[in-house]
Amino acid sequence: MPSGKGFLQSGHKGSLFSSFLYFDMSFMVWVLLGPLAVVIAGDFELDASQKATLVALPTLGGSILRLVLGYLTDRIGPKLTGQIGLLLTLIPLGWGWLFADTMTEMYMIALLLGIAGASFAAALPLASSWYPPQYQGIAMGIAGAGNSGTIFATLFANRIAQHYGDWHIVFGIAMIPISLTLILFSILAKNSPNRSAPKKLSDYRNVLRQKDCWMFSILYSVTFGGFVGLATYLTIFYNTQFGLSPVKAADFTTICVIGGSFFRPVGGWLADKIGGIRMLMGLYGIIAIMMLGISTLPGITLTTIMLFIAMMSLGMGNGSVFQLVPQRFRQEIGIVTGIVGAAGGLGGYFLPKILGNMKLTTGSFAPGFLILGCIALSCIILLLFLQIQWRRTWIGEGGKVSSLQKEPA
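Here we come to the overall build of the chain. Tallying secondary structure elements over the chain gives 18 helices and zero strands in all. Computed over the C-alpha atoms, the radius of gyration of the chain is 20 Å, within 12% of the 22 Å expected from 2.2 N^0.38 for a compact globule of 409 residues. The dimensions of the chain, computed from C-alpha atoms along their principal axes, are 60 × 45 × 35 Å. Out of the 409 residues in the chain, the part that is buried amounts to 60%. A fraction of 84% describes how many contacts in the chain between residues 6 or more apart in sequence connect residues 24 or more apart. As displayed, the chain has an accessible area near 15100 Å², and 69% of this comes from carbon and sulfur atoms. Counting 26 positive and 15 negative side-chain charges, the chain places the centres of these two groups 14 Å from one another.

Here we take up the packing of helix α1 (residues 13-30) against helix α9 (residues 149-164). Taken N-terminus to C-terminus, the directions of α1 and α9 make an angle of 40 degrees; their axes are 6 Å apart at the nearest point. Relative to α9, the element α1 lies oblique. Relative to α9, α1 is oriented so that their crossing is right-handed. Contact residues: α1 offers D24, M25, F27 and M28, while α9 offers G149, T150, F152 and A153.

A separate point is the packing of aromatic side chains. What the rule picks out here adds up to 20 aromatic pairs. The interplanar angle of 65 degrees and the centroid separation of 5.5 Å between the aromatic rings of F237 and Y238 together place this pair among those described as edge-to-face. This pair shows no difference in class: F237 is buried, exactly as Y238 is. Look at Y349 and F350: their rings are 5.2 Å apart centre to centre, the planes differ by 70 degrees, and that puts the pair in the edge-to-face class. Overall, the relative accessible area of 46% leaves F350 in the partly exposed class. One aromatic cluster is present, formed by Y233, F237, Y238, F242, F252, F365 and F369 through successive ring pairs. One residue, R328, lies across the ring of F329, its end atom 4.3 Å from the ring centre.

In this fold, G96 is placed in helix α4 (residues 78-98). Take G96: its relative accessible area is 0%, and that puts it in the buried class. Between the C-alpha atoms of G96 and G226, which are 130 residues apart in sequence, the distance is 26 Å. When near neighbours in sequence (up to four residues on either side) are disregarded, G96 contacts I109, H168 and F171.

Moving on: the pattern of salt bridges. Side chains carrying opposite charge are able to pair once their charged atoms draw close together. Per the stated rule, a full pass over the model turns up two salt bridges. Close ionic contact of R159 with D251 constitutes a salt bridge, the shortest N to O distance being 2.7 Å. Of the two residues, R159 sits in helix α9 while D251 sits in helix α13 (residues 246-262), which places them 92 residues apart along the sequence. Owing to a relative accessible area of 35%, R159 belongs among the partly exposed residues under this scheme. Between D212 and R328 there is a salt bridge, with its nearest N and O atoms 2.8 Å apart. Of this pair, D212 sits in helix α12 (residues 211-242) while R328 is found in helix α16 (residues 300-328), placing the two residues 116 residues apart along the sequence. Each member of the pair, D212 together with R328, is buried.

Membership of the largest hydrophobic core comes to 121 residues, with the highest contact counts inside it found for M106, F171, F216, F369 and W390. When near neighbours in sequence (up to four residues on either side) are disregarded, F171 contacts L32, L33, L36, P92, L93, G96, W97, M106, I109 and L113.

So, about a nonpolar patch on the surface. A surface patch of nonpolar side chains, amounting to about 660 Å² of accessible area, comprises F17, I176, L180, I183, L184, I187 and L188. Counting residues per element, the nonpolar patch draws most heavily on helix α10 (residues 168-188), at six residues. Inspection of the secondary structure puts I183 in helix α10.

A separate point is the side chain of Q323. Relative to the helices and strands, Q323 resides in helix α16. A distance of 3.3 Å separates polar atoms of two side chains, one belonging to Q323 and the other to D272. When sequence neighbours within four positions are dropped, the list of residues in contact with Q323 reads G137, G268, A271, D272 and G276.

Between two packed helices, what matters for the description is the angle formed by their axes and the separation of those axes. In contact at an axis separation of 4 Å, α13 and helix α14 (residues 264-274) are set at 35 degrees when each is read in the N-to-C sense. On the side of α13, the interface is formed by G260, S261 and F262, while α14 contributes R264, P265 and V266. Grouping the amino acids of the contact of α13 with α14 by side-chain chemistry returns three nonpolar, two polar and one charged.

For α4, which comprises 21 residues, the first-to-last C-alpha distance of 31 Å matches the rise-based estimate of 30 Å (1.5 Å per residue) to within 8%. Looking at α4, one finds that the buried residues are P78, T81, G82, Q83, G85, L86, T89, L90, P92, L93, G94 and G96. Contacts from the buried residues of α4 go to α1, α3 (48-76), α5 (103-112), α6 (114-117), α7 (120-128) and α10.

Rules used throughout
Residues numbered from 1 in each chain as written. Predicted model: local features only at pLDDT ≥ 70, side-chain atom pairs only at ≥ 80, totals over all residues. Heavy atoms only, no water. Helix = DSSP H or I, 4+ residues; strand = E, 2+ residues; numbered from the N terminus. Rg over C-alpha atoms; globule rule 2.2 N^0.38 Å. Buried < 20%, exposed > 50% of the residue type's maximum accessible area, 1.4 Å probe, protein only. Contact = heavy atoms within 4.5 Å. Areas by Shrake-Rupley, 256 points an atom, 1.4 Å probe, with all protein chains shown as cover. Lys, Arg positive; Asp, Glu negative; His and termini not counted. Charge placed at Lys NZ, Arg CZ, Asp CG, Glu CD. Axes fitted to C-alpha atoms, helices over the stretch in contact; angles between N-to-C directions. Parallel < 35°, antiparallel > 145°, perpendicular 65-115°, else oblique. Left-handed = near helix turned anticlockwise from the far one by under 90°. Phe/Tyr/Trp six-rings, centres within 6.5 Å; stacked < 30°, edge-to-face > 60°. Lys NZ or Arg CZ within 6 Å of the ring centre and 35° of its normal. Salt bridge = Lys/Arg side-chain N within 4 Å of Asp/Glu carboxyl O. Core = buried A, V, L, I, M, F, W, Y, C linked by side-chain atoms within 4.5 Å. Patch = residues over 30% accessible without salt bridge, like charges linked within 9 Å, V, L, I, M, F, W, Y side chains within 5 Å. Polar contact = N/O pair within 3.5 Å; in protein donor to acceptor, adjacent residues only side chain to side chain. Nonpolar A, V, L, I, M, F, W, Y, C, P; charged D, E, K, R; others polar. Expected span 1.5 Å × (residues − 1).

The structure is reproduced here in structure tokens:
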């Protein structure tokens, strides 16, 4: 497609919107247990570690299943893969609505909700494949802003459960937007004619042999893992640390989630302008400062301000990482998106476990947030070393892609 076109004239608007909508509604379902965990925990008398496990399992399931959907995206295309993903998402929702009454079942449902989390592997390539390199950051940012679906979960899940006096009904109601999304996605989404030919299993092995794939996975496990991990756990944190009701705890979580959700496109846009490396180093620094500040466990107002800034930085970091990924792996974007997305899911699994286990072991959330701050600092150190190699191969000054440098094989 002509590189001289502006963003609005490039690509395919229906596919970009479909990617966002699919991502948005899937993300809502994926993190549904985050706010509901406080209510469910009351029925099953869960301790801090068990609550953390319940909200972490959907992220683990999504991490595993993204590899599957990433492979399907490459073989049968992102549109059909997305349709399959939406259909399968209805299974755990129906189970949670009609049949779940034991913790074993809830753990199984939690894992299956990972199907919704696997939507990354289809939604992002659907959007990315329609846009030229100079618009990858904003296109991936818009599609990735579907993580705003978290807001619907945190705002309405506990309110619906409180209104009906039963948390099961929340799963049933969630089936409605998923079904509507399936219809719209089927009508509006279209596979790009620029999509690469299906890859062989040997291509996956070749990608995994490349160090950059692992490096992007580490970086994304902190930005995306941090966002989704906090999004699923903060209702528990506010309920436990400040004694808020399930609805009020989820409302405070919503405030924090807004920062990460709506600033992801900004991260991609700024990364296009000033370079992904510069953006990421600055963002990891902000995240580290905020996490270390929260580890002092100040009052609820200051804690919320710092969490908002941290979530905003994490969301922008997601956009910044995926501004770089398509530039480095242009021909393997479907494969790499699945792998990097899976790594992000793993980060989101371990974050609640860190906070929950530290709380159970020490009686305080402080050590958990201290660990998170140190992880963000380690990413800055990692980037300092990576940029030296990347600038010799495929990155120009400041993290911008250099047209004079050849993309590595």
